[in-house]
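# Survey of secondary and tertiary structure
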Amino acid sequence: MSAAEPVRIGVLGRGTVGAAFEEMIGERAAAVEAATGRRPDLSGVLTTSEGDFDEILAGSDIVVELIGGTDPARDYVLRALSDGKHVVTANKQLVAQHGDELFAAAREAGVQLRFEAAVAGVIPVIRVIQESLPAVELTRVFGIVNGTTNYILTEMARTGASYEDALGQAQELGYAEADPSDDVGGADAAAKMAILARLAFHTPVRLEDVTFEGIEAIAPDDLEYAKQFGLSLKLLGVAERHDGEISVRVFPCFLYSGHPLAPVSGPFNAVMVESPSITEITMSGPGAGGTETAAAVLGDVVSILAGDAPVHEPREELAVTRDLTSAFYLHLEVADRPGVLATVADVLGRNEVSVRSVVQWGLGEDARLVMVMHDCREANFDAALEELGGLDFMRSQPRAIRVIEEFA
Ligand SMILES: NC(=O)c1ccc[n+]([C@@H]2O[C@H](COP(=O)([O-])OP(=O)(O)OC[C@H]3O[C@@H](n4cnc5c(N)ncnc54)[C@H](OP(=O)(O)O)[C@@H]3O)[C@@H](O)[C@H]2O)c1
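Computed from a prediction, not measured in an experiment: that's the story for all the values here.

Definitions and limits used
- Residues numbered from 1 in each chain as written.
- Predicted model: local features only at pLDDT ≥ 70, side-chain atom pairs only at ≥ 80, totals over all residues.
- Heavy atoms only, no water.
- Near = heavy atom within 4 Å.
- Polar contact = N/O pair within 3.5 Å; in protein donor to acceptor, adjacent residues only side chain to side chain.
- Nonpolar A, V, L, I, M, F, W, Y, C, P; charged D, E, K, R; others polar.
- Phe/Tyr/Trp six-rings, centres within 6.5 Å; stacked < 30°, edge-to-face > 60°.
- Helix = DSSP H or I, 4+ residues; strand = E, 2+ residues; numbered from the N terminus.
- Buried < 20%, exposed > 50% of the residue type's maximum accessible area, 1.4 Å probe, protein only.
- Lys NZ or Arg CZ within 6 Å of the ring centre and 35° of its normal.
- Axes fitted to C-alpha atoms, helices over the stretch in contact; angles between N-to-C directions.
- Parallel < 35°, antiparallel > 145°, perpendicular 65-115°, else oblique.
- Left-handed = near helix turned anticlockwise from the far one by under 90°.
- Contact = heavy atoms within 4.5 Å.
- Expected span 1.5 Å × (residues − 1).
- Bend = angle between axes of the 7 residues up to and from the residue.
- Salt bridge = Lys/Arg side-chain N within 4 Å of Asp/Glu carboxyl O.
- Pairing = 2+ DSSP bridges.

The subject of this paragraph is the site of the ligand. Not every one of the 19 residues close to the ligand is listed here, only the nearest: Arg14, Thr16, Val17, Thr48 and Gly289. Val17 has a polar backbone atom sitting 2.8 Å from an oxygen atom of the ligand. Interatomic distance of 2.8 Å between a backbone N/O atom of Gly289 and an oxygen atom of the ligand. Considering only residue class, the shell around the ligand consists of eight nonpolar, nine polar and two charged.

Here it is in structure tokens:
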């Protein structure tokens, strides 16, 4: 590529993001040229009914993969890299599942693989982790990385809607897909957290290393009672470093109102990055949308033209731990009779789980106990939960949701 020549960009996919990217290249060509000295030129587009991959590959300097999924995206991206082409992708599944192979192929060919849009849309979280803070030892990266679930939880809390109604609304507005299972079940957020953990901790992280729970079982009354404790509910992705080990998880979690992520509502995403040396950084913004995602993809194209290449080589292999501590919200439906509260307290106490606050409602012959626990070992809490579930005065299975205590 000589300096004055246009940079030829081949685009794979012309869906929500691909179509917006194609339009943006046309509209922002002069701005890209002003920033990089190179004018972008669309060299071809591949869809299921249009274009030929080999021709696009031969005629492109940069290949932009906006098909989604792993097949045929993986094959196309590997072929582009090994052919010496830089690649930009917005595909979280591809990077989360095949990162090692793709990074190795890029290293071997001496080309760049960029994927800012794969996590948290246009929020430049990958750029911040890789390029602003590469020498900082990050201790935690966490946030709201799925806009669909954040929209659903926001609507449930705001209107008292059921999970099903809020999901239907999200689908009508285009925030949720016809098959929402990857979003609401936590798998989408898990793929994004695998990518963030890999970059933040410089260690290989496989999708299987990430434990995840979704929001399908959240009931409107959980949100109602939580309000009385000043809590709001988010689906959080949390990647943490603990003494030479890491954990990467996705779970619904109550946050105290002063927490920086508590006000992040609707389809917005937000990611926090922490380390003793930087305290914390919070980034928030749209996590999806054709134009927003296309803007992140175009940003990657500009970075490639600017020539700065982040290194994707693991520095160490960190083991994954599941021995963790959390605070919990606990919702119990019990028979309203003497001794019940004392028995519940005894089960929690014997399992070294201590209660921070408790509210009780009478429901005729039954009662509802809603409690918030102090931080405890998750294994101890699970043991207490199992024991509570087997007691004869329980009217339904206990419901528990993690809580993040007031932000320190
Ligand atoms: N949508 C968002 O807001 C968003 C946000 C962040 C990241 N992303 C990521 O961006 C990527 C694209 O998402 P999208 O929403 O734009 O997807 P989309 O609307 O479903 O579009 C997919 C495009 O890929 C084409 N395609 C599918 N299979 C193909 C194949 N075998 N060969 C060639 N072309 C094929 C489709 O062709 P046809 O036109 O012929 O059907 C379509 O043009 C995904 O990785 C997604 O996770 C999307």
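Here the narrative resumes, following the displayed structure.
Now for the packing of aromatic side chains. Inspection of the entire model under this criterion finds six aromatic pairs. With a centroid separation of 5.7 Å and an interplanar angle of 35 degrees, the aromatic rings of Phe103 and Phe115 are classed as tilted. Of this pair, Phe103 sits in helix 4 (residues 92–109) while Phe115 sits in the loop between strand 5 (113–114) and helix 5 (125–132), and the two are 12 residues apart along the sequence. Exposure class is identical for Phe103 and Phe115. Each is buried. In this structure, Arg140 is placed above the aromatic ring of Phe142, and the distance from its NZ or CZ to the ring centre is 4.3 Å.

The contact between helix 1 (residues 16–36) and helix 11 (residues 290–306) brings their axes to 8 Å, and the two run at 40 degrees. As judged from the angle between their axes, helix 1 and helix 11 are oblique. Viewed along their axes, helix 1 and helix 11 form a crossing whose handedness is right-handed. Judged by residue contacts, Thr16, Val17, Ala20, Phe21, Met24, Ile25, Arg28, Val32, Ala35 and Thr36 of helix 1 engage Gly290, Thr291, Thr293, Ala294, Ala295, Val297, Leu298, Val301, Val302 and Leu305 from helix 11. Residues that form the contact of helix 1 with helix 11 fall into these classes: 14 nonpolar, five polar and one charged.

Here the amide bond leading from Asp71 into Pro72 is cis, since omega sits at 15 degrees, within 30 degrees of zero. Structurally, the position occupied by Pro72 is in the loop between strand 3 (62–65) and helix 3 (73–82). Although it is not a glycine, Ala120 sits at a positive phi angle of roughly 60 degrees. Its place among the elements puts Ala120 in the loop between strand 5 and helix 5. Residue Ala120 is classed as buried on the basis of its relative accessible area, which comes to 1%. Notably, Thr279 is not glycine yet its phi reads approximately 60 degrees, a positive angle. For Thr279, the location among the structural elements is in strand 11 (residues 279–286). Look at Thr279 and you get exposed, because its relative accessible area is 59%.

Before going further, it helps to examine helix 4. For helix 4, built from 18 residues, the straight-helix expectation of 26 Å at 1.5 Å per residue is missed by more than 12%, its first-to-last C-alpha distance being only 22 Å. In the structure, helix 4 departs most strongly from a straight axis at His98, where the bend amounts to approximately 90 degrees. Among the residues making up helix 4, those that are buried are Gln93, Leu94, Val95, Ala96, Gly99, Leu102, Phe103, Ala105 and Ala106. Contacts from the buried residues of helix 4 go to strand 3, helix 3, strand 4 (86–89), strand 5, helix 8 (181–184) and helix 9 (187–201). Between the side-chain oxygen of the N-cap and the backbone nitrogen of Gln93 there are 3.3 Å, and the N-cap of helix 4 in question is Asn91. Gly110 lies just past helix 4 and shows a positive phi near 70 degrees.

Applying the stated criterion across every chain yields a total of 34 salt bridges. Its salt-bridge partner being Arg107, residue Glu313 comes within 3.8 Å of it at the nearest N-O pair. Residue Glu313 is found in the loop between helix 11 and strand 12 (319–320), and its partner Arg107 is found in helix 4; the two are separated by 206 residues along the sequence. For Arg241, the salt bridge is made with Glu316, and the minimal N-O distance between the two is 3.4 Å. Taken together, the residues Arg241 in strand 8 (residues 231–242) and Glu316 in the loop between helix 11 and strand 12 connect sequence positions 75 residues apart. Assessed through its relative accessible area of 35%, Glu316 is described here as partly exposed.

A word on the sheet that holds strand 1 (residues 7–12). Across the sheet, which stays open at both edges, the five strands sit in the order 2-1-3-4-5 with parallel pairing between neighbours. A single partner strand is all that each edge strand has here, and the edge strands are strand 2 (40–46) and strand 5. Relative to strand 4, strand 3 runs parallel, the two being bridged by four bridges. Within the sheet, the bridge partner assigned to Ile62 lies in strand 4 and is His86.

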